[in-house]
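# What the coordinates show
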2 protein chains.
Amino acid sequence: MIAEIIAAGSEMLTPTRQDTNSLFLTSGLNDLGVQVAFKTIVGDNLAHLTSAARIAISRADIVLLTGGLGPTEDDLTREAVATALGVEIHRDPTLLTELYKRFAARRMTMPPNNAKQAEIVAGATILPNHNGSAPGQFIDTVVDNHRKIIILLPGPPKELKPLFTNQCVPLLAQSLPPRHLSRRLLRMALIPESQVDARTSPIYLQYPDVETTILSGTAEIQLHFVCAKPTQAEADQRIDELTTRIEAEMEDTLFSSHGESLEEVVLLNLGLRNLTLATAESCTGGLLAQRLTAIPGSSRYFLGGAVVYSDALKTTFAGVPEDLITTHGPVSAEVAHALAKGTLARTHASLAISITGIAGPGPGEPGPDANKPIGLVYIGLATPTNTHVTELNLTGDRDRIRWWASQHALDLIRRHIL
Amino acid sequence: MIAEIIAAGSEMLTPTRQDTNSLFLTSGLNDLGVQVAFKTIVGDNLAHLTSAARIAISRADIVLLTGGLGPTEDDLTREAVATALGVEIHRDPTLLTELYKRFAARRMTMPPNNAKQAEIVAGATILPNHNGSAPGQFIDTVVDNHRKIIILLPGPPKELKPLFTNQCVPLLAQSLPPRHLSRRLLRMALIPESQVDARTSPIYLQYPDVETTILSGTAEIQLHFVCAKPTQAEADQRIDELTTRIEAEMEDTLFSSHGESLEEVVLLNLGLRNLTLATAESCTGGLLAQRLTAIPGSSRYFLGGAVVYSDALKTTFAGVPEDLITTHGPVSAEVAHALAKGTLARTHASLAISITGIAGPGPGEPGPDANKPIGLVYIGLATPTNTHVTELNLTGDRDRIRWWASQHALDLIRRHIL
């Protein structure tokens, strides 16, 4: 069984908007064991949409059409599908009554064109839309001796998603063999995708029944695993077996076995040991603090910190001696050390982390930093008994250097706590 | 003239990856006056790809195919296009020699399957690829008495983009009437899209020759204008006329007339008046500082600040009296006032801004804040002569409240400076 998804809407043929519903629908179809073989994006043009529907019905077993179910002249999906199937459209009296009621409830008179939303392709099952006025339609028919399922869904994700999940999935599942899914997401920091693949592919290729996807983010790699089996226990067991082996192989760089973000893992581990954290950021300018505070509940373990962008504030907020900055430059191991230590002393946190570096695009400030390379970053980690500084040489543009620096800082905290 | 873009690659039929090249290509085609009427995404399957190519060639004047030009068995675009056109493929000896040289330069022996990248559809012009090994191909032909242009481009954006811009655009321009474009981007903060549209549509609808696109971001609306005319002066004049009227209408909320971000506008205005800025952030946790420091050169006008997430750090870093926090709660106009004033005093900035609020999802801390609503935010703005506090009642989730708070803070600074 293969599927095609048709997204109708001229706005998705512009440089600024994109069809995203198809990602959600693809995920749901894959869960049912159905692969998507084609996606078509077509404008609000009856001839184009009818031809696209006709082609899709001829080459796919399941055709999902999204959008074009509204009340305007541009909403042509119902008409296109009926023409492609060679069947009639009729107005459903119950739907029409509901539409009138909807407007009446808001004390408005329904504009006549809204009646269009009560039009049903002959033979379709109506899928009530609890989040909008246009219902979905589910057509289970035979074309040229082949069974075809054609589904019409409204375009707005808030309407489409519940409609698909709650009504289409159960209907589709009736026509497909039963399957149970198990999923797992492993996350690794500060390692290239190619290395992850080289180290894990000898393992995951032994599990052809598990679908493995490697996704690469900034300074992070995600390994997604999905396994479908006739029973849940079988699926879970396969996933457990495979991920236990992958975890052992990637132990040095794996920070999450169940999908948590690096920030969440750091905060979780601070919490487990009842530790508090403070930050002093120069080149990352608040990025590290912002990432930590984006997590709900972070205030229990993250006290806050200083954004010591200017040299003077390094002294004001963290007590870094002025002559240390003058002698070694703000981007130096010495200043990172003093920043972390000073922040620990001022904030009374259990752990303080400092970041100072040259994020570019310009070079370091005149003085001792003038000839230091873009991407040079020092991270200091202070505890009441010890302060350690790590030197990094990062590459890329300003955004990338700042993100990698914050990622390294989080990972240093994580490793320190463990 | 209408175009169709076919993206080839099974990974783009999964729930996690999407074709994005088509957005770039659509923009380039629109600039040439060509509308995209269809987009098709198809997997690495010869029958599917050939059928998609055949359909596209029949219904569009210009067909762009992206991806599937590599050396593996999955790379089938050349073969599919040749089959759809009913022509041969041949190996180009010059390309083959270049491929061998490429490998030799890296002291590697070329694997035999790489020779595939020297295969050319009969009649195609070779478009040299300076960023990869597979060249593009440009076919200008006649099918069923209609002129058809078929373009094959490599999938990686780093290869596709320069190839399209530098080689395809000039070739396509030769076949199309000359046109000159003028563009403008206006940006507005803290206003709903519906209001922008209601106020600006009576103006922009009078300019049907200017394409207007409204894009809605978080706490920001963008108005994009593009006008194409036979001469640059005509295009510029139309855009100037329209945008002058829109600027006058939206003056109260417009922060950028040429596309600059709100952070850039704030830093630019600080620079023009030689002012410096410092921040004290509670609920935004560094987000405001991070946004400012993401802009290169920000260190000249942004000194830094404090992330005063815990109550104690509000006292430590900004000298907020403890009893003020105990009496009024950390989320109060009084604390916002003291935070801004204290930060100004400590940092010696010309302007200090403070943010304290309840971002959720949990309620305020026990004590005076316990019954304050999620979304309540106070922003303090201090200068040596005056401190002013603004109260906001924001809605939405944690991310949205934090972003809107930082956006309000930036806009308050901008308005203060102006």
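What you are looking at is a predicted structure, and each value in this text was computed from that prediction instead of being measured. (Residues numbered from 1 in each chain as written. Chains lettered and ligands numbered in written order. Predicted model: local features only at pLDDT ≥ 70, side-chain atom pairs only at ≥ 80, totals over all residues.)

## Points about the overall build of chain A
Let me state the cut-off plainly: Runs of E in the DSSP output that reach at least two residues are strands. Runs of H or I that reach at least four are helices, and both are numbered from the N terminus. Note that the radius of gyration is over C-alpha atoms, with the globule rule given as 2.2 Å times the number of residues to the power 0.38. Whether a residue is buried, exposed or partly exposed is read from the other C-beta atoms within 10 Å of its own C-beta, which are placed from the backbone; 20 or more gives buried, 12 or fewer gives exposed, and intermediate counts give partly exposed. Two residues qualify as being in contact provided that their C-beta atoms, derived from the backbone, are within 7 Å of each other.
Each helix and strand counted, chain A has 13 helices and 17 strands in total. Relative to the globule expectation of 22 Å for 418 residues, the C-alpha radius of gyration of chain A, 29 Å, shows a markedly less compact shape. Principal-axis analysis of the C-alpha atoms places the extent of chain A at approximately 85 × 55 × 40 Å. Among the 418 residues that make up chain A, the fraction classed as buried is 47%. In chain A, once contacts between residues fewer than 6 apart in sequence are set aside, the share between residues at least 24 apart is 66%.

## Description of the environment of Pro154 of chain A
Among the structural elements, Pro154 of chain A can be located in the loop between strand 8 (146-153) and helix 5 (157-174). Beyond its immediate sequence surroundings of up to four residues, Pro154 of chain A is in contact with Leu69, Asn129, Gly132, Ala134, Gly136, Glu159 and Leu160 of chain A.

## Quick word on helix 8 (residues 262-272) of chain B
For an α-helix the count is 3.6 residues per turn, leaving residues at separations of three or four pointing the same way. Considered for burial, the residues of helix 8 of chain B that qualify are Leu262, Glu263, Val265, Val266, Leu267 and Leu270 of chain B. Packing partners of the buried residues in helix 8 of chain B comprise strand 9 (180-189), strand 12 (254-256), strand 13 (277-281), helix 9 (287-293), strand 14 (302-307) and helix 13 (398-417) of chain B.

## Considering the domain arrangement of chain A
Interface size is commonly expressed as the accessible area that is lost once the parts come together. Residues and elements named next belong to chain A. For clarity, the threshold we go by: Residue ranges labeled as domains rest on an automatic or database domain assignment. Gly is placed with the polar residues, together with every amino acid not listed as nonpolar (Ala, Val, Leu, Ile, Met, Phe, Trp, Tyr, Cys and Pro) or charged (Asp, Glu, Lys and Arg).
What the domain assignment reports for chain A is domain 1 (2-174), domain 2 (180-256) and domain 3 (262-417). Taken together, the contact between domain 2 and domain 3 spans 7 residues of the former and 9 residues of the latter. Along the lines of polarity and charge, the residues of the side of domain 2 that touches domain 3 split into 4 nonpolar, 2 polar and 1 charged.

## Things to note about the packing of helix 6 (residues 193-204) of chain A against helix 7 (residues 232-249) of chain A
Residue and element names in this part refer to chain A. This is how it is decided: Only the stretch in contact is used when fitting a helix axis, every axis being a line fitted to C-alpha atoms; angles between N-to-C directions are given from 0 to 180 degrees. Roughly parallel covers angles under 35 degrees, roughly antiparallel covers those over 145, roughly perpendicular covers 65 to 115, and oblique covers all other angles. What makes a crossing left-handed is the near helix being turned counterclockwise from the far one by less than a right angle; a clockwise turn instead makes it right-handed.
Relative orientation of the contacting elements helix 6 and helix 7 amounts to 150 degrees, with a least axis distance of 10 Å. The angle between helix 6 and helix 7 falls in the class roughly antiparallel. The handedness of the crossing between helix 6 and helix 7 is right-handed. Contacts between helix 6 and helix 7 involve Arg199, Thr200, Ile203 and Tyr204 on the former and, on the latter, Leu242, Arg245, Ile246 and Glu249. Among the residues making up the contact of helix 6 with helix 7, the classes are represented as 4 nonpolar, 1 polar and 3 charged.

## Quick notes on the sheet that holds strand 9 of chain B
Pairing between the strands of a sheet is mediated by backbone hydrogen bonds and can be parallel or antiparallel. Residue and element names in this part refer to chain B. The line we're drawing: Between any two strands, pairing holds if DSSP finds at least two bridges.
Reading across from one edge, 10-11-9-12 is the order of the 4 strands in this open sheet, with antiparallel pairing throughout. Of all strands in the sheet, those bounded by a partner on one side alone are strand 10 (210-217) and strand 12. Put simply, the sheet's adjacent strands are angled 30 degrees from each other on average, direction ignored. Here strand 9 runs beside strand 11 (residues 220-229); their pairing, made up of 10 bridges, is antiparallel. Counterpart to Met188 in the pairing with strand 11 is Ile221.

## Notes on the relation of the copies chain B and chain A
Our working rule: To line up the copies, we fit them by least squares on C-alpha atoms, keeping just the residues with pLDDT of at least 70 in both.
Relative to chain A, chain B is turned by 180 degrees and slid 0.2 Å along the rotation axis, the superposed coordinates differing by an RMSD of 0.3 Å. When the rotation and shift are considered jointly, the pair of chain copies conforms to a two-fold rotation axis. An overlap of 98% is found between the interface residues of chain B and their copies at the interface of chain A, pointing to a shared contact surface.

## Points about the interface of chain B and chain A
Tallying the contact residues gives 52 residues for chain B and 51 residues for chain A. Here the element with the most residues in the side of chain B that touches chain A is strand 2 (residues 35-42) of chain B; it accounts for 7 residues. Looking at the side of chain B that touches chain A residue by residue, the classes come out as 24 nonpolar, 23 polar and 5 charged. Pairing of strand 2 (residues 35-42) of chain A with strand 2 of chain B involves 5 bridges; the strand directions are antiparallel. The residue bridging Lys39 of chain A from the neighbouring strand is Ile41 of chain B, located in strand 2 of chain B.

## Section: the sheet that holds strand 14 of chain B
An order of 17(A)-16(A)-15(A)-13(A)-14(A)-14(B)-13(B)-15(B)-16(B)-17(B) is seen for the 10 strands of this open sheet, with the pairing classed as mixed. Each edge of the open sheet is held by one strand with a lone partner, namely strand 17 (386-393) of chain A together with strand 17 (386-393) of chain B. Adjacent strand axes in the sheet meet at a mean angle of 15 degrees, parallel and antiparallel pairs treated alike. Those strands touched by helix 13 of chain B are strand 13, strand 15 (351-357), strand 16 (376-383) and strand 17 of chain B, and its axis lies near 155 degrees from that of strand 15 of chain B.

## With respect to the pairing of strand 16 of chain B
Residues and elements named next belong to chain B. Counted residue by residue, strand 16 has 7 buried out of 8 residues, so it is predominantly covered. As paired elements, strand 15 and strand 16 share 6 bridges and run antiparallel to each other. In the sheet register, Gly357 faces strand 16, and the bridge partner there is Val377. As judged from the 8 bridges shared by strand 16 and strand 17, these two strands associate in the antiparallel manner. Residue pairing in the sheet places Leu381 in a bridge with His388 of strand 17.

## Points about helix 3 (residues 77-85) of chain B
Residues and elements named next belong to chain B. Burial analysis of helix 3 places 7 of its 9 residues in the buried class, the great majority of the element. Taken as a whole, helix 3 has its buried residues at Thr77, Arg78, Ala80, Val81, Ala82, Ala84 and Leu85. Gly86 sits one or two positions beyond helix 3 and adopts a positive phi of about 70 degrees.

## Description of the confidence of the model for chain A
Condition: For every residue, the predictor assigns a confidence score, pLDDT, that lies between 0 and 100.
On average, residues of chain A score 95 in pLDDT, and 100% of them reach the 70 mark or higher. At the level of chain-chain contacts, confidence expressed as ipTM amounts to 0.88, with global pTM at 0.89.

## Description of unusual backbone geometry
The general pattern is negative phi for most residues beyond glycine and trans for most peptide bonds. The omega angle of the peptide bond from Gly360 of chain A to Pro361 of chain A is 0 degrees, so this bond is cis rather than trans. Looking at the element boundaries, Pro361 of chain A is found in the loop between strand 15 (351-357) and strand 16 (376-383). Phi is positive for Asn145 of chain B, which is not a glycine, with a value near 70 degrees. On the secondary structure map, Asn145 of chain B appears in the loop between strand 7 (136-143) and strand 8 (146-153). Judged by local crowding, Asn145 of chain B falls into the exposed class, with 5 C-beta atoms found within 10 Å.

## Here's the deal with the pairing of strand 9 (residues 180-189) of chain A
The side chains of a regular strand alternate between the sheet's two faces. For strand 9 of chain A and strand 12 (residues 254-256) of chain A, the ladder comprises 2 bridges, and the chain directions are antiparallel. By the bridge assignment for strand 12 of chain A, Arg187 of chain A is matched with Ser256 of chain A.

## Focus: the environment of Pro177 of chain A
Residues and elements named next belong to chain A. Secondary-structure assignment places Pro177 in the loop between helix 5 and strand 9. Residue Pro177 is classed as exposed on the basis of its 9 C-beta neighbours within 10 Å. Put simply, Pro177 and Leu32 are 145 residues apart on the chain and 8.5 Å apart in space, counted from C-alpha to C-alpha.

## Notes on the environment of Ile6 of chain B
Within the element layout of this structure, Ile6 of chain B appears in strand 1 (residues 2-8). Put simply, Ile6 of chain B and Ala53 of chain B are 47 residues apart on the chain and 7.7 Å apart in space, counted from C-alpha to C-alpha.

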